[in-house]
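Summary of the model geometry
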Amino acid sequence: MKIKAVVFDVGRTLMEYMDMPNTWLDYYAPALHHVREVLNLPVTDKELDKSIEIYRSYSPQIKPREKDFTPEEIFSDVTKDWNCKFNLSDVIREFFAYMDLKPYIYPDSIPILSKLREDGYIVCTLTDVATGMPDELHKSYFSELLPYFDMYVSSITCGYRKSSPKGLEIIAEHYQLSLDEMVMIGDEPKDILTAKRFGCHSVLIDRAGENPDFGQEYRVTDLNEFYRLIKEELR
């Protein structure tokens, strides 16, 4: 059956953050220290250390989870023992301001998204939002890609992180698609597992050429190769 919808992961599939540390975990402690300093909050070192541990407990890298939480839920828990007045929105803003994330959109992303739209494919995204990050901030890092998506689904909007198939279920139901009419492309094991759990086609994008085997149906090294794949094989 012909492919009708293409679902993209975002990070390291369509874009990346430049000069990122090895893991988001490296940001947590210095970002919370930054919040205390910039907002001039009388939070003790002991209170801050506890906050860091609470934040770390929400990280899927430390405690794997499928259910996602809103930034307000996470930061309310993180700051629950701070014996001072503050605006939660200020804490969230300064926490992520510290990270100073610099996005880089891959050169092949917009041309291929544009081609797919022109060819009549439904183009969607299924993306996990970094722990505690507001969805609007997440989208701002790749705002130039948003016009090319027919549907944007994130772990915040659907309430579940990959490898839960919930996001794909929402897309399929919205467009009345069968499993064989959908393909998901991403760079991580969880992207492939999401597609496999849902039952649609799976494509691993391996931009570094490391040739890993996550159980994917197909492997490509860039989006031009992916475009040829769906035009020539997945049809």
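Refer to the structure above for everything that follows.
Residues numbered from 1 in each chain as written. Predicted model: local features only at pLDDT ≥ 70, side-chain atom pairs only at ≥ 80, totals over all residues. Heavy atoms only, no water.

Regarding the nonpolar core
Judged by nonpolar contacts, the single largest core of 55 residues is most densely connected at Phe8, Phe95, Leu116 and Phe226. No other element matches helix 1 (residues 25-38), which puts six residues into this core. With residues up to four places along the chain from it excluded, the contact list for Phe95 reads Tyr28, Ala31, Leu32, Val35, Tyr55 and Phe75. Ile122, Cys124, Ile171 and Cys200 belong to the second largest nonpolar core, which has 17 residues in total. (Core = buried A, V, L, I, M, F, W, Y, C linked by side-chain atoms within 4.5 Å. Buried < 20%, exposed > 50% of the residue type's maximum accessible area, 1.4 Å probe, protein only. Helix = DSSP H or I, 4+ residues; strand = E, 2+ residues; numbered from the N terminus. Contact = heavy atoms within 4.5 Å.)

A word on the pattern of salt bridges
A complete count under the given rule lists 19 salt bridges for this structure. Here Lys162 ties to Asp9 by a salt bridge, and the two come within 2.9 Å at their closest N and O atoms. Residue Lys162 is located in the loop between helix 7 (155-158) and helix 8 (166-175), and its partner Asp9 is located in the loop between strand 1 (5-8) and strand 2 (15-18); the two are separated by 153 residues in the primary sequence. By relative accessible area, which is 5% here, Asp9 ends up buried. A salt bridge links Lys139 to Glu136, with the shortest nitrogen-to-oxygen separation between them at 3.1 Å. Of this pair, Lys139 and Glu136 both sit in helix 6 (residues 135-140), three residues apart, which is roughly one turn of that helix. According to the relative accessible area criterion, Lys139 is buried, its value standing at 18%. Taking relative accessible area as the criterion, Glu136 reaches 56% and is therefore assigned exposed. (Salt bridge = Lys/Arg side-chain N within 4 Å of Asp/Glu carboxyl O.)

With respect to the packing of aromatic side chains
Here the structure, examined in full by the defined rule, presents 13 aromatic pairs. Each ring, one from Trp24 and one from Tyr27, has its centre 5.9 Å from the other, and the planes form 50 degrees; the classification is tilted. Overall, the relative accessible area of 23% leaves Trp24 in the partly exposed class. Taking the relative accessible area as the measure of exposure, Tyr27 reaches 10% and is therefore buried. Between Phe95 and Phe96, the aromatic rings sit 5.0 Å apart at their centres with planes inclined by 75 degrees, giving edge-to-face as the arrangement. Of the two residues, Phe95 and Phe96, neither departs from the other in class, the shared state being buried. The rings of Tyr28, Tyr55, Phe75, Phe95 and Phe96 are connected pair by pair, giving a single aromatic cluster. Positioned above the aromatic ring of Tyr152 is the side chain of Lys139, whose terminal nitrogen or guanidinium carbon lies 5.0 Å from the ring centre. (Phe/Tyr/Trp six-rings, centres within 6.5 Å; stacked < 30°, edge-to-face > 60°. Lys NZ or Arg CZ within 6 Å of the ring centre and 35° of its normal.)

Structural notes on the layout of surface pockets
Considered as a void within the structure, the largest pocket measures approximately 870 Å³ in volume. Secondary-structure elements contributing two or more residues to the lining of the largest pocket are strand 2 and helix 4 (88-99). The element that contributes the greatest number of residues to the lining of the largest pocket is strand 2, accounting for three residues. Considered class by class, the residues forming the lining of the largest pocket number 14 nonpolar, eight polar and ten charged. Taken as a whole, the second largest pocket holds about 250 Å³ of empty space. Taken together, Arg12, Asp187, Glu188, Pro189, Leu204, Ile205, Asp206, Arg207, Ala208, Glu210, Pro212 and Phe214 form the lining of the second largest pocket. Residue classes in the lining of the second largest pocket are distributed as six nonpolar, no polar and six charged. (1 Å grid on protein atoms, 1.4 Å probe; cavity = no way out; pocket = protein on both sides within 12 Å on 5 of 7 lines; lining within 4 Å. Points joined across faces, edges and corners; volume = space filled by probe spheres on them. Nonpolar A, V, L, I, M, F, W, Y, C, P; charged D, E, K, R; others polar.)

Details of the packing of helix 5 (residues 109-118) against helix 10 (residues 223-232)
When two helices pack together, you describe them by how their axes are tilted relative to each other and by the distance separating the axes. Between helix 5 and helix 10, the shortest axis-to-axis distance is 9 Å and the interhelical angle comes to 20 degrees. Regarding the angle of helix 5 to helix 10, the classification is roughly parallel. Here helix 5 and helix 10 pass one another in a crossing that is left-handed. Residues Ser109, Ile112, Lys115 and Leu116 of helix 5 pack against Leu223, Asn224, Phe226, Tyr227 and Ile230 of helix 10. Grouping the constituent residues of the contact of helix 5 with helix 10 by class yields six nonpolar, two polar and one charged. (Axes fitted to C-alpha atoms, helices over the stretch in contact; angles between N-to-C directions. Parallel < 35°, antiparallel > 145°, perpendicular 65-115°, else oblique. Left-handed = near helix turned anticlockwise from the far one by under 90°.)

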